[in-house]
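# Structure assessment
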Amino acid sequence: MTLVARSGNARYNHAGARCDNGSPMLNRRNFLKTGAATLPLAAAIEALHPNAAPSVQTIAEVAAGGATPKLIPLPLRLAPIDPATLPWQENIRRVGQSNMTEHDPAVMNIEEWADFWHSAKADILFVSVTGILAFYPSKVKFHRPGKFLNGRDFFGECVAAAKKRGMRCVARMSPDLNWGDALEAHPEWAMRHADGSVQFSGEDPRLFKTCMFSTYMDDYVPAIIREVNSLYDVDCFYTNGWPPIGSLPKCHCAICSKLPPSDTPAYWKVFNERVLQLWHEYDAIAKEKKRDSFYFANLGGNLRCGPNLDRLGKTAVWFQADNQGRTYEDPAVWGCALQGRVCNAVMDGKFSANVSAAYSTGIVRWRNATKNPAEASMWLNQTLASGMALYYHFIGSEAGLGEDRRWQKLGADYFQWAAKHDAHLKPRRSIANIGVVMGQSTQLLYPGPAVARSRDYMRETTQGVYETLLTGRFAFDFVHEDRLELERVSKYRALLLPNIAMLSDRQCDQIRAYAHSGGSIMASFETSLYDENLKQRADFGLADLLGISRAGDVIGTNGNACYGRIERGHPVLAGFANTNWLPCGQNRLPLRPVQDPVLTVVPGFVQYPPELAYPPVPHTDEPAVVLRETSHSRFAYFPADIERTFWLTGHGDLLRLLHNTIRWISRDERIVHVEGGGFLEMFAWETTPGYAVHLVNYTNPNAHHGWLNATYPLTAQTVMMKLAAGAKVKAVELLRADTSVPFRLEDEVLRFTIPRVEDYEVAAITLG
């Protein structure tokens, strides 16, 4: 047994909140400032006098105590790698961008701009070329100079200033819009409405939208890349605004009218071929001057990214996640972290960065004003925690470097702090024992069931399963639907399939192979009911594996949603007492009866008037959940859209049922265990020095909507993980608190307590 105590200067309070079922979370409707009913180790810390810093010995005793959960050992560590052998972009840790406006050549102080980013320890800067208007004296026809350029080589001056300070440069282009003179000469370049009219910008009608299938992308964009490459010492090329993220383009030009209809699997195939064709062409041009140069494009949109992320992940060397801040469509605070999990699923350790906007994002925007500091910091926290490189940007340089300069200190301070800890903050691989299948085709193409058509259907499903996993503090990864090979997924004890409606026969076979090798499955609603072409099967593609058979079409809700009647005891029903009914989903697929069901359906009925609010059919043999177990695997299937319904309602019964089911199929095994009060997101990474456990504190009244205005700190969080046999721990350091903490290592189980978490903490474990 090893027990190490080191001095620390952290202080403690009693902040934190828990839901009444024991899961660490905030009520999504009301922020209750209540004391945290924490678990044993955390409680011991919290019992200390709040105004007195505990002694080193006291903290060491707390870290040594408490019960050990069912921990599985960490995987064997990866072989060491020399950073000098990596492509240069994989050593980039901080990206800066002052997004340039047409007016910047008249007002921007280039030396001040370069000095700021250099002092912030930025490794690379984005500098605008652009494509809509030129920031240098371009000779490409229709690449018109900005009206304040006056013959000046503004782009070249910026590149030279950055290079003088040892920073690399990205040549940033925008191919998505152009002006009327280009349209007059090349009407075929424009996107068209169904009536043949030109699609113009919604904000500036002087600009038309360019079609990605036109020669605009084949001729005009390559001409600019070649011109810039011949004139300047840039390191790589980037196109903003293309390809589209979150949706597929809808164009009716002469070319597109001959393609399959948008939002169909057939169109998506053509779209992906075009994206990859242009990507390879632009990348080849970038490499004409320097072999280590490359091209990359605008990406993001979380699971709803336009291009196929499996194919693109095998091509791209830089994932530009353009998730700048919270949106009306995705109001939850964890949007950046969710994007990081997507990048981790498809990039195989290659470079990814999230574009964190310092300006005010949202449905009402002020693109030249600083956003709330707590909100901006949280986006940077999530960037690092989820494994991406920091990327911070603002727009416009009025008065030299901006009329509103409040964003600068926050970004510079954060960059400088991160630079001190690069070794611990650069991940090598994720540590998780649960995989969540990300059905990208379902996200983009599946319209939802006929009773509830909605573009947001899968977005709501994703948010529901994501919040479920956060509040249960499960260690999980996303797994792309096209990466279900056994060698990839065998690391997971369980796979979750949250309404992955579209699955090919091959993908179904891969899931079967995973299950036959000992893996467990939780699935819901229309999972596997459609093939990869969105053609409905007669029965589920995974019917045999899950032990289910469809008995009809989707049934929605008109009044009371359906209920589940408890038929017998089972671990998935742990904690439910004094009730015969539980809430089920808003929509369900009726199933044929199964033997010895745990829950059966009570069909929905009138909710008003109350005199009629009782079930005409109080008992059926239709299962509300189907549970199976073999010698090595467990299977759970919910015929209702339970994850989405939880997101829409926040109902604690649904959350408890989901938590219990995930624990049951995973046999309640943990690869990293964090206990304590509050609502947080946990990431665990293998790093070059050892391991890093990131805790991002979402305990906040604005976690589900709006912006964070303040931080609500958490008290003690105890971390446990089982190291490989013979592992030695040299130190456990808290990078945000800038202190070391005592730890206990016994029978390969490492245990330590983080006394306090402000908005973010990183426990860096150095092996000896």
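Located above this text is the structure these notes cover.
Residues numbered from 1 in each chain as written. Predicted model: local features only at pLDDT ≥ 70, side-chain atom pairs only at ≥ 80, totals over all residues. Heavy atoms only, no water.

### Looking at the sheet that holds strand E23 (residues 623-629)
Formally: A pair of strands is labelled paired if DSSP reports no fewer than 2 bridges between them. Helix and strand definitions follow DSSP, with helices as H or I runs of at least four residues and strands as E runs of at least two, each counted in order from the N terminus. To obtain an axis, a line is fitted to C-alpha atoms, over the contacting stretch when the element is a helix, and the angle between two such axes runs from 0 to 180 degrees between their N-to-C directions. Throughout, a contact is declared for two residues whenever any of their heavy atoms are within 4.5 Å.
The strand order E17-E16-E18-E19-E24-E23-E22-E20-E21 describes an open sheet built from nine strands, whose pairing is mixed. Two strands close off the open sheet at either side, each with one partner strand: strand E17 (476-480) and strand E21 (581-583). Here the average twist between neighbouring strands, direction ignored, is 20°. Bridge analysis of strand E19 (residues 520-524) against strand E24 (residues 634-638) gives four bridges, and the strand direction is parallel. Note that in E24 the partner of Ala-523 across the bridge is Tyr-637. Of the strands in this sheet, strand E16 (434-438), strand E18 (494-497), E19, E21, strand E22 (599-602), E23 and E24 are in contact with helix H20 (residues 652-665), which crosses E24 at around 155°.

### Some points on unusual backbone geometry
Phi is mostly negative for residues that are not glycine, and the peptide bonds are mostly trans. Across the junction of Trp-242 and Pro-243, the peptide omega takes the value -5°, indicating a cis bond. You can see Pro-243 is positioned in the loop between strand E7 (236-239) and helix H8 (265-286). Backbone geometry places Asp-348, a non-glycine residue, at a positive phi of 50°. Within the fold, Asp-348 resides in the loop between helix H10 (335-347) and strand E10 (351-354).

### Things to note about the packing of aromatic side chains
For clarity, the cut-off: Aromatic pairs are defined between Phe, Tyr and Trp rings, using the six-membered ring for Trp, whenever the two ring centres lie within 6.5 Å; interplanar angles under 30 degrees are classed as stacked, those over 60 as edge-to-face, and all others as tilted. When accessible area is computed with a 1.4 Å probe and restricted to protein chains, residues below 20% of their type maximum are described as buried, those above 50% as exposed, and intermediate ones as partly exposed.
Per the counting criterion, the structure on display carries 46 aromatic pairs. On the numbers, 6.1 Å between centres and 90° between planes, the contact of Phe-126 with Phe-296 is edge-to-face. With Phe-126 in strand E3 (residues 124-128) and Phe-296 in strand E8 (residues 295-299), this residue pair connects regions lying 170 residues apart in the sequence. Per residue, the accessibility class of Phe-126 equals that of Phe-296, and both read buried.

### Some thoughts on the pairing of E16
Burial runs high along E16: five of the five residues are buried. Where E16 lies against E17, five bridges are found, and the strand directions are parallel. Note that in E17 the partner of Met-438 across the bridge is His-480. Relative to E18, E16 runs parallel, the two sharing three bridges. Of the residues in E18, the one forming a bridge with Val-436 is Leu-496.

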